[in-house]
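Spelled out from the first residue to the last, the chains are:
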Amino acid sequence: MIYLDNAATSFPKAPGVGQAIAYHLNNIAGNAGRSSYKSAVKSSLFIFELRELIAQIIGVKKSSNIILTNNATQGLNTVILGSIKPDDVVMTTPLEHNSVERPLSYLKERRGISVCRIALNSDFSIDLDKFEEDLVQKAVNKVVFNACSNVTGSILAYQDIAAICYKHDIDFILDASQVVGYKHLNINPDHYSAICFPGHKGLLGPTGTGAFYFNDNFSFEPLSFGGTGSKSQDITQPNFCPDKYESGTLNMCGFYGLLTSLKYILSEGLDKIESKKREITGYFLDRLKTIQEVIIYSNQDLERQIGVISINVEGAFCSQIAKFLDKKEIAIRMGLHCAPNAHRFINTFDLGGTIRFSPGYFTTKEEIDNTINTLKEIIYDIRR
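Predicted model only: the values in this text are computed from it and were never measured. For every chain, the first residue of the written sequence is number 1, and numbering continues from 1 along that sequence. In keeping with the predicted nature of the model, local features appear solely for residues at pLDDT of at least 70, side-chain atom pairs appear and are counted solely at 80 or more, and the whole-chain, interface and lining totals rest on all residues. Side-chain metrics in this entry use all non-hydrogen atoms of the structure; hydrogen atoms and water are not considered.

Caption draft 1: Looking closely at the overall build of the protein. In this description a helix means any DSSP run of H or I spanning at least four residues, a strand means any run of E spanning at least two, and both kinds are numbered starting from the N terminus. Check the secondary structure of the protein and you find eleven helices and 13 strands. Radius of gyration means the value over C-alpha atoms here, while the globule rule gives 2.2 Å times the residue count to the 0.38 power. Computed over its C-alpha atoms, the radius of gyration of the protein comes to 21 Å, within 12% of the 21 Å expected for a compact globule of 384 residues. Classification of residues uses two cut-offs on accessible area relative to the type maximum, computed with a 1.4 Å probe and protein chains only: under 20% is buried, over 50% is exposed, and between them is partly exposed. Going through the 384 residues of the protein one by one, you find that 55% of them count as buried. Contacts were defined at the residue level, with two residues in contact if any of their heavy atoms lie within 4.5 Å. Sequence-distant contacts in the protein: of pairs separated by 6 or more residues, those separated by 24 or more amount to 69%. Accessible surface, the protein: about 16,500 Å² in total, of which carbon and sulfur atoms supply 49%. Charged side chains of the protein number 39 positive and 41 negative; the gap between the two group centres comes to 5 Å. All accessible-area figures derive from a Shrake-Rupley calculation using a 1.4 Å probe, and residue coverage is judged against the displayed protein chains alone. Asp and Glu count as negative and Lys and Arg as positive, but His and the ends of the chain are not part of the count. Throughout, a charge is located at the NZ atom of Lys, the CZ atom of Arg, the CG atom of Asp or the CD atom of Glu.

Caption draft 2: Molecular detail of the sheet that holds strand S5 (residues 142–146). In short, DSSP must find at least two bridges between two strands for them to pair. Pairing is mixed across the open sheet formed by seven strands, whose spatial order is S2-S8-S7-S6-S5-S3-S4. Strands with a single pairing partner mark the edges of an open sheet, and in this sheet they are strand S2 (66–69) and strand S4 (114–117). Within the sheet, the average angular offset between the axes of one strand and its neighbour, ignoring direction, is 20 degrees. Across four bridges, S2 lies against strand S8 (residues 210–214) in antiparallel orientation. Bridge pairing in S8 places Leu68 opposite Ala211. Sheet strands in contact with helix H6 (residues 158–167) are S5 and strand S6 (171–175), and its direction is about 160 degrees off that of S6. Helix axes are fitted only over the stretch in contact, all axes being lines through C-alpha atoms; the angle between N-to-C directions runs from 0 to 180 degrees.

Caption draft 3: Quick look at unusual backbone geometry. Residue Pro12 is bonded to the preceding Phe11 through a cis peptide linkage, with omega at -5 degrees. Mapping Pro12 onto the fold places it in the loop between strand S1 (2–3) and helix H1 (17–27). The phi dihedral of Asn186 is positive, around 55 degrees, even though this residue is not glycine. On the basis of relative accessibility, which here comes to 57%, the residue Asn186 falls in the exposed class.

Caption draft 4: Geometry of empty space enclosed by the protein. Lining residues are those with an atom within 4 Å of a point, where the points come from a 1 Å grid over the protein atoms alone and group into cavities, where a 1.4 Å probe fits but cannot get out, or pockets, open sets with protein on both sides within 12 Å along at least five of seven lines. Grid points are joined across faces, edges and corners, and a volume is the space filled by probe spheres set on the points. Under the counting rule described, the total for this entry stands at one cavity of 30 Å³ or more. Its volume calculated, the largest cavity comes out at about 40 Å³. Considering the residues around the largest cavity, the lining is formed by Asn6, Ala7, Gln178, Tyr182, Lys277, Ile306, Gly307, Val308, Ser358 and Pro359.

Given below as structure tokens:
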């Protein structure tokens, strides 16, 4: 199989991840923070190490403000539902994933919030002066922002947006699902209220893992309440971190696998990973441009592109192309990619979406060549 669906979940995982999960299941008993016997202490220690490595990768110092989750969706729901108040005005982009869109839709219905959109240019750039003007004129309370579109791969100006929000003392929540693990975020942690991301995409870890970072000045309520292993004499939730936001048993074996993938990423180096991803993305785009029938919707500026490429083929449905690619053992994703407004923005919603290619760190040029040749064969057969 040629795997080109890394925007959904990375494959293959980092070397040793599967073995680490199996090792934990078979050899490490006990839950972090729950008991004092040696194996349980070992669990607590590796969870602490995991937080430290996550903090290192995203560029923050306070690892106790790293909250472990099942995925980015859980993190986004926690900070969005826990912080947005009735009648707040929330600004977001036209490119958001449903992990942002649906909580905001719920809050619009239940708490009467208002949602407005950041104006994007056709090349996915943002007029920052216009953004700042709208921020003030519309009395925005929160900005929830996608660092990179999961449909077009376009990296948005999240550092600039964060700085403007900080200037006006407005909470800024970043969905970093498509960028963490693939590039240096290069952030000023003071500018971000929260940064949410999964473990199973760019971090090359197992599904069922994720995390979010939050700033000390950001106030939000927990999404769930329950056992933490601390303050067991109290029936109220602990008020210190990370316990306040981590009720119940963590996905211990999954996080042990994620620890292994983080060590691999740090040993490879984010500079090397980003360079390889940019190279393979550029090669893929160049090869796609040789096919006359292909319409490319993604940003082709490699400095602003993470490696998520959406296309359609003239005269063919994206479902038709996907079916033929699957027969040739080429794994891609077609449709609306849980981001319907993004498809409305690029005018593909009424087409049923796009064919999305998302190469990963382990994708080779040979696999790209085979994919391009197969796509040419499919188009030829359809035309015939």
